[in-house]
Amino acid sequence: MQKLWDVLIIGAGPAGGLAALDCAKKGLRVMLVEQRSFPRWKVCGCCFNNQAQAILSSRGENNLIEECGGQTLDRLRLGLRGREATLALPNGFVLSRERFDQALIEAAIKAGASARFRMTAHVEAASPGYRRVRLKDHHSGNTSHVNARVVLVAAGLSQHCLPKNEAGQSRVRKQSRHGAGCVVDDDTNHYPSGAIHMAIGDQGYVGLVRREDGLLNLAGAFDRDALSQGQGTMDAAHQILKQAGFPVPQALQGGQRWQLTAALSRHSNVVAGERFLVMGDAAGYVEPFTGEGMAWALTAGAAAAPFVLEGMERWTRNLEKRWKTTLQVHIGRRQTVCKALSSVLKRPATTAVLFEVVKRWPSVSESIVSSLNKEKLPSPQGDPCL
Ligand SMILES: Cc1cc2nc3c(=O)[nH]c(=O)nc-3n(C[C@H](O)[C@H](O)[C@H](O)COP(=O)(O)OP(=O)(O)OC[C@H]3O[C@@H](n4cnc5c(N)ncnc54)[C@H](O)[C@@H]3O)c2cc1C
């Protein structure tokens, strides 16, 4: 394996995949390292909004989602205490993470990136002009080292790949909900394609979408207390669906295994350091009600290349500062809206008021959806305030 890379990217989710694609297209020597074997399933609602598509189009991947069989998504169906409200969702798509993440990595490899799977990366001490990264191969058990002028940490929600003295703290928001999800084979017609079916309960919410292969994807956010009662996630999910007035899919009643995530709402106080940048969920995340996480991750991935090019020549504190501002301008502001919404959804009384607004004045909520859907592309020059 080559020993010095221009950029080494840790994590092959949307943030790492897009950064690999963009850097490879700019002629950089890119190494992407992923600890799992691909394609892989991940807890996610699998919904893509307008911003996610705008980022892909800006990198020449206009048709990636449709070519993978992505299904059009045009409405959000909310269920609360047996009542329903529907909102229009312009320009949405559903595509399984197995297909999407794999397709993005294939595009990056086609553009010249190298990728290694089933390999865990850990960043070691900085040296003048490069960072040393330790790689552990899961197949052989062997450990090796490579160097990179810049490292991009796109390792997801609970990343542990930076040295302790440089990683800073990932601050978890008080009472943050936990994510959980599963996929089931459900052929009833309660959950048709084209909609996100969002069941809202007292202790969380569950979104159900029909994937391109006909399977039903479930992903939700749950209060921690709810997960520790009875049979954990399964009971909590059944409870939420029943409270919302949605039927529990037959396949779920057989004890389907749910995959859990760490606490969702968190913020990392270190998003850049000597020759590394942090991006995607690894830099901070807010509960998934608005379904924007992949758009945030893709946006950060698309913003990275100018910083990598500049940092390869000369790494400065100013560059680190501008990266932080870029994340704040492009992602932090969008996360603020999502944060406010997640606070509302934690209280049954405010949730009921919000539901009433959506039901009676759909135009108000549709204008919020359209503001969340507004495209904003990162600057090609690494200028944070474009
Ligand atoms: C319940 C739920 C529902 C959601 N619904 C939606 C939705 O509908 N729409 C949407 O846009 N977003 C949604 N999201 C958010 C979305 O899933 C994430 O925001 C998105 O996957 C973040 O991308 P990422 O590239 O930062 O990280 P990830 O997609 O998590 O990828 C990180 C990768 O890094 C790898 N990795 C970690 N550590 C290492 C290491 N040391 N070495 C090598 N590899 C490593 C991991 O294996 C992983 O593959 C949802 C999230 C949850 C929890």
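Refer to the structure presented above.
Residues numbered from 1 in each chain as written. Predicted model: local features only at pLDDT ≥ 70, side-chain atom pairs only at ≥ 80, totals over all residues.

1. A closer look at unusual backbone geometry
Step number 1: Going from Phe38 to Pro39, the amide bond is cis rather than trans, its omega being -5°.
Step number 2: Mapped onto the elements of the fold, Pro39 is located in the loop between strand 2 (30-33) and strand 3 (47-48).
Step number 3: Phi at Cys46 takes a positive value of approximately 65°, unusual for a residue other than glycine.
Step number 4: By the secondary structure assignment, Cys46 is in the loop between strand 2 and strand 3.
Step number 5: One non-glycine residue, Arg81, lies in positive phi territory at about 45°.
Step number 6: Within the secondary structure, Arg81 sits in the loop between strand 4 (71-80) and strand 5 (83-94). (Helix = DSSP H or I, 4+ residues; strand = E, 2+ residues; numbered from the N terminus.)

2. What to know about the site of the ligand
Step number 1: In the vicinity of the ligand there are 42 residues, among which Gly11, Gly13, Gly45, Gly280 and Gly293 approach most closely.
Step number 2: Listing elements by their share of the shell around the ligand, those giving two or more residues are helix 1 (14-25), strand 7 (119-127), strand 11 (178-184), strand 14 (216-222) and helix 8 (293-313).
Step number 3: The leading source of residues in the shell around the ligand is helix 8, at 4 residues.
Step number 4: Its residues placed into classes, the shell around the ligand shows 22 nonpolar, 15 polar and 5 charged. (Near = placed C-beta within 6 Å. Nonpolar A, V, L, I, M, F, W, Y, C, P; charged D, E, K, R; others polar.)

3. Some points on the sheet that holds strand 10 (residues 170-172)
Step number 1: Spatially, 3 strands are ordered 10-16-19 in an open sheet, and the strand pairing comes out antiparallel. The sheet is open, and its two borders are formed by strand 10 and strand 19 (284-285), each paired with just one other strand.
Step number 2: When strand 10 meets strand 16 (residues 266-268), the two strands line up antiparallel, connected through 3 bridges. Bridged to Val172 within strand 16 is Arg266. (Pairing = 2+ DSSP bridges.)

4. Focus on the pairing of strand 8 (residues 130-137)
Step number 1: With 7 bridges connecting them, strand 7 and strand 8 associate as antiparallel partners. Each residue of the ladder has a partner; that of Thr120, found in strand 8, is Lys136.
Step number 2: Joining the antiparallel neighbours strand 7 and strand 8 is a turn of 2 residues, in which Gly129 adopts a positive phi near 90°.
Step number 3: Pairing of strand 8 with strand 9 (residues 143-153) involves 6 bridges; the strand directions are antiparallel.

5. Brief notes about the pairing of strand 11
Step number 1: Most of strand 11 is tucked away: 5 of the 7 residues are buried.
Step number 2: Examined bridge by bridge, strand 11 and strand 14 share 7 bridges and lie antiparallel to one another. Looking at strand 14, one finds that Val183 is bridged to Asn217. (Buried ≥ 20, exposed ≤ 12 C-beta atoms within 10 Å, placed from the backbone.)

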